[in-house]
Amino acid sequence: MFDIFQYGFIVRGLEAGVIAALTAPLIGIFLVLRRYALIADTLAHVSLAGIAVGLLSGIHPTVAALAAAVLASLGIERLRIGKKVYGESALALFLSGSLALAIVLLSMGRGTGANITSYLFGSIVTVSATDVAVMFGLGILILAAVTAFYKELVFIAFDEDAAMVSGIPARAINALLIVLTALAVSLSIPIVGILLVSALLVIPAVTAFLFRKSFIATIFIAEIVSLSSVIAGIFVSFYFNLSTGGTIVLIMLGFFLLTLTLTRRR
């Protein structure tokens, strides 16, 4: 069983997977509480446009995706604050617009069709040492930000109006959360792919909330579900020659259904 570790791409994939698995639920918890889970899908499609720009211009696709997601996250938050466009409408605008841009850009280039598949569905085979280093840096940044602003993030997640009355800079914290979401999305793409990236942020959090524990305990449960699913998914996909991203998400859904069944009986 442990002969899997003799392959360099598997080791890099596991390293990247562990980083993504530990980071995504930290943001997903707050997105689920804010009923803002759709933003993960939106930023994933924006990242696809960034990847297309990167593939055509020679910029590292991960860096291009990160830049595009962060800029889009700030634009979405600006529209939300201005109240000129409703939150869900702003997400739809960015999602459809970025997807259309990505399709046009990819049609302009040649030889990128095969490359884009790994970004759409995730592939540990294509994860490079540079990707792992970038993901590690982003993971540390996300962890540091959540730790530093933990109380503010929790307060706003449960009651934004009360947080504003208490003197918490709600707009700044909301902007921070959406930027951290962009970082988490970009970080998770190499593992589960653009089409499934929202699952890595949302499913562990939704599963953890079913236990109805304290907030800290909920975070730990989400981390366990996420980490177990990613590691098991990588092993299963390797030995059965399956898609890594799809396998990881199906295992996560299995955890959710099992938890739902057990908590209903209890």
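Residues numbered from 1 in each chain as written. Predicted model: local features only at pLDDT ≥ 70, side-chain atom pairs only at ≥ 80, totals over all residues. Heavy atoms only, no water.

Topic: the overall build of the protein chain
Thinking step 1. Within the protein chain, the secondary structure is distributed over 12 helices and zero strands.
Thinking step 2. Each helix and strand of the protein chain, placed in order from N terminus to C terminus, yields the pattern α-α-α-α-α-α-α-α-α-α-α-α.
Thinking step 3. Relative to the 2.2 N^0.38 estimate, which gives 18 Å for 266 residues, the radius of gyration of the protein chain is 18 Å and therefore close to what a compact globule would have.
Thinking step 4. For the protein chain, the spread of C-alpha atoms along the principal axes amounts to about 55 × 50 × 30 Å.
Thinking step 5. Going through the 266 residues of the protein chain one by one, you find that 47% of them count as buried.
Thinking step 6. Put simply, of all contacts in the protein chain between residues at least 6 apart along the chain, 77% involve residues at least 24 apart.
Thinking step 7. For the protein chain, the computed accessible surface area is about 12,700 Å², with 69% contributed by carbon and sulfur atoms. (Helix = DSSP H or I, 4+ residues; strand = E, 2+ residues; numbered from the N terminus. Rg over C-alpha atoms; globule rule 2.2 N^0.38 Å. Buried < 20%, exposed > 50% of the residue type's maximum accessible area, 1.4 Å probe, protein only. Contact = heavy atoms within 4.5 Å. Areas by Shrake-Rupley, 256 points an atom, 1.4 Å probe, with all protein chains shown as cover.)

What about the pattern of salt bridges?
Thinking step 1. Summed over the entire model, instances satisfying the criterion amount to one salt bridge.
Thinking step 2. Across the pair glutamate 160 and arginine 34 runs a salt bridge, and its minimum N-O distance is 2.9 Å. With glutamate 160 in helix H8 (residues 160–165) and arginine 34 in the loop between helix H1 (8–33) and helix H2 (38–57), this pair connects stretches of sequence that are 126 residues apart.
Thinking step 3. For glutamate 160, a relative accessible area of 22% translates into the label partly exposed. (Salt bridge = Lys/Arg side-chain N within 4 Å of Asp/Glu carboxyl O.)

Some words on a nonpolar patch on the surface
Thinking step 1. Among the surface-exposed residues, Val236, Tyr239, Phe240 and Leu242 lie close enough to one another that they form a single nonpolar patch of about 380 Å² accessible area.
Thinking step 2. With respect to the helices and strands, the residue valine 236 is situated in helix H11 (residues 215–240).
Thinking step 3. Judged by relative accessible area, which is 30%, valine 236 ranks as partly exposed. (Patch = residues over 30% accessible without salt bridge, like charges linked within 9 Å, V, L, I, M, F, W, Y side chains within 5 Å.)

Details of the packing of helix H7 (residues 150–158) against H11
The relative placement of two packed helices is expressed as an angle between their axes plus a distance between the axes.
Thinking step 1. Running from N to C, H7 and H11 cross one another at 100°; their axes reach a closest spacing of 13 Å. As the angle between them shows, H7 and H11 are arranged roughly perpendicular. On H11, the residues touching Tyr150, Val154 and Phe158 of H7 are Phe215, Ile216 and Ile219.
Thinking step 2. Considering only residue class, the contact of H7 with H11 consists of six nonpolar, no polar and no charged. (Axes fitted to C-alpha atoms, helices over the stretch in contact; angles between N-to-C directions. Parallel < 35°, antiparallel > 145°, perpendicular 65-115°, else oblique. Nonpolar A, V, L, I, M, F, W, Y, C, P; charged D, E, K, R; others polar.)

Looking at unusual backbone geometry
Thinking step 1. Notably, arginine 35 is not glycine yet its phi reads approximately 55°, a positive angle.
Thinking step 2. Relative to the assigned elements, arginine 35 resides in the loop between H1 and H2.
Thinking step 3. Under the relative-accessibility criterion, arginine 35 is labelled exposed at 76%.
Thinking step 4. Backbone geometry at arginine 212 places phi at a positive 55°, although glycine is not the residue there.
Thinking step 5. Tracing the sequence through the fold places arginine 212 in the loop between helix H10 (197–209) and H11.

Examining the nonpolar core
Thinking step 1. Counting residues in each nonpolar core, the largest one holds 80 residues, and the members touching the most others are Ile27, Phe30, Ile142, Val185, Ile191 and Leu201.
Thinking step 2. With residues up to four places along the chain from it excluded, the contact list for leucine 201 reads Ala24, Ile27, Gly28, Leu31, Ala40, Thr181, Ala184, Val185 and Ser188. (Core = buried A, V, L, I, M, F, W, Y, C linked by side-chain atoms within 4.5 Å.)

Looking at the side chain of asparagine 174
Thinking step 1. Inspection of the secondary structure assignment puts asparagine 174 in helix H9 (residues 170–192).
Thinking step 2. Taking the relative accessible area as the measure of exposure, asparagine 174 reaches 5% and is therefore buried.
Thinking step 3. Sequence-distant contacts of asparagine 174, that is, excluding residues within four places in its chain, are made with Arg34, Glu77, Arg80, Ile156 and Glu160.

Structural notes on the side chain of histidine 45
Thinking step 1. Following the sequence through the fold, histidine 45 ends up in helix H2.
Thinking step 2. Within the structure, the side chain of histidine 45 is placed 2.8 Å from the backbone oxygen of aspartate 41, a separation counted as a polar contact.
Thinking step 3. Leaving out residues up to four positions away in the same chain, histidine 45 has contacts with Leu95, Ser98, Leu99 and Ile194. (Polar contact = N/O pair within 3.5 Å; in protein donor to acceptor, adjacent residues only side chain to side chain.)

A word on the environment of phenylalanine 5
Thinking step 1. Topologically, phenylalanine 5 is positioned in the segment before H1.
Thinking step 2. Residue class for phenylalanine 5 comes out partly exposed when judged on its relative accessible area of 39%.
Thinking step 3. Spatially, the C-alpha atom of phenylalanine 5 lies 23 Å from that of leucine 187, the residues being 182 residues apart in sequence.

Looking at the packing of H7 against H9
Thinking step 1. One can describe the packing of H7 onto H9 by two numbers: an axis separation of 10 Å at closest approach and a directional angle of 100°. Regarding the angle of H7 to H9, the classification is roughly perpendicular. Mapping the contact onto sequence places Glu152, Leu153 and Ile156 in H7 and Ala170, Ile173, Asn174 and Leu177 in H9.
Thinking step 2. A per-class count over the contact of H7 with H9 returns five nonpolar, one polar and one charged.

A look at H11
Thinking step 1. Here H11 contains 26 residues, and its C-alpha end-to-end distance of 37 Å stays within 8% of the 38 Å for a straight helix at 1.5 Å per residue.
Thinking step 2. Backbone geometry just after H11 places asparagine 241 at a positive phi near 55°. (Expected span 1.5 Å × (residues − 1).)

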